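These are the residues of each chain, in order.
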Amino acid sequence: MKIFDMFHGGWEISQWIDNLPAQNFWGKVIAEYTNGKYDTFTAAEAHEIGFTFDNSL
């Protein structure tokens, strides 16, 4: 994905916990880009769920 390739380093992409379409979209994009090498997190107090990965060279 071009935007990820432009900015190497640690990434955190979060969505509102109730936004299932966004979670589905980003889950697919990140899984494909990282070949499944990513982590997920839930920040219940902020009502967020998300993904983290690192594409540092």
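Residues numbered from 1 in each chain as written. Predicted model: local features only at pLDDT ≥ 70, side-chain atom pairs only at ≥ 80, totals over all residues. Heavy atoms only, no water.

Tell me what's going on with the pairing of strand E2 (residues 39-43), and back it up with residues and numbers.
Where E2 meets strand E3 (residues 48-54), 5 bridges bridge the pair, whose relative direction is antiparallel. Residue pairing in the sheet places Thr40 in a bridge with Phe51 of E3. Here E2 folds back onto E3, and the loop between the two strands holds 4 residues, one of which, His47, carries a positive phi near 60°. (Pairing = 2+ DSSP bridges. Helix = DSSP H or I, 4+ residues; strand = E, 2+ residues; numbered from the N terminus.)

Could you give an account of the side chain of Gln15, with specific residues and numbers?
With respect to the helices and strands, the residue Gln15 is situated in strand E1 (residues 10-16). Judged by its relative accessible area of 5%, Gln15 is buried. In this structure the side chain of Gln15 is engaged in a polar contact, spanning 3.3 Å, whose partner is the backbone oxygen of Ile13. In this view, Gln15 contacts Ala22, Gln23, Trp26, His47, Glu48, Ile49, Gly50 and Phe51; residues no more than four positions away in its chain are not counted. (Buried < 20%, exposed > 50% of the residue type's maximum accessible area, 1.4 Å probe, protein only. Polar contact = N/O pair within 3.5 Å; in protein donor to acceptor, adjacent residues only side chain to side chain. Contact = heavy atoms within 4.5 Å.)

Would you mind going over the sheet that holds E1 in detail, with residue names and values included?
Strand order in the open sheet formed by 3 strands is E1-E3-E2, with antiparallel pairing between adjacent strands. The sheet is open, and its two borders are formed by E1 and E2, each paired with just one other strand. The mean inter-strand angle of the sheet, taken between neighbouring strand axes irrespective of direction, is 25°. (Axes fitted to C-alpha atoms, helices over the stretch in contact; angles between N-to-C directions.)

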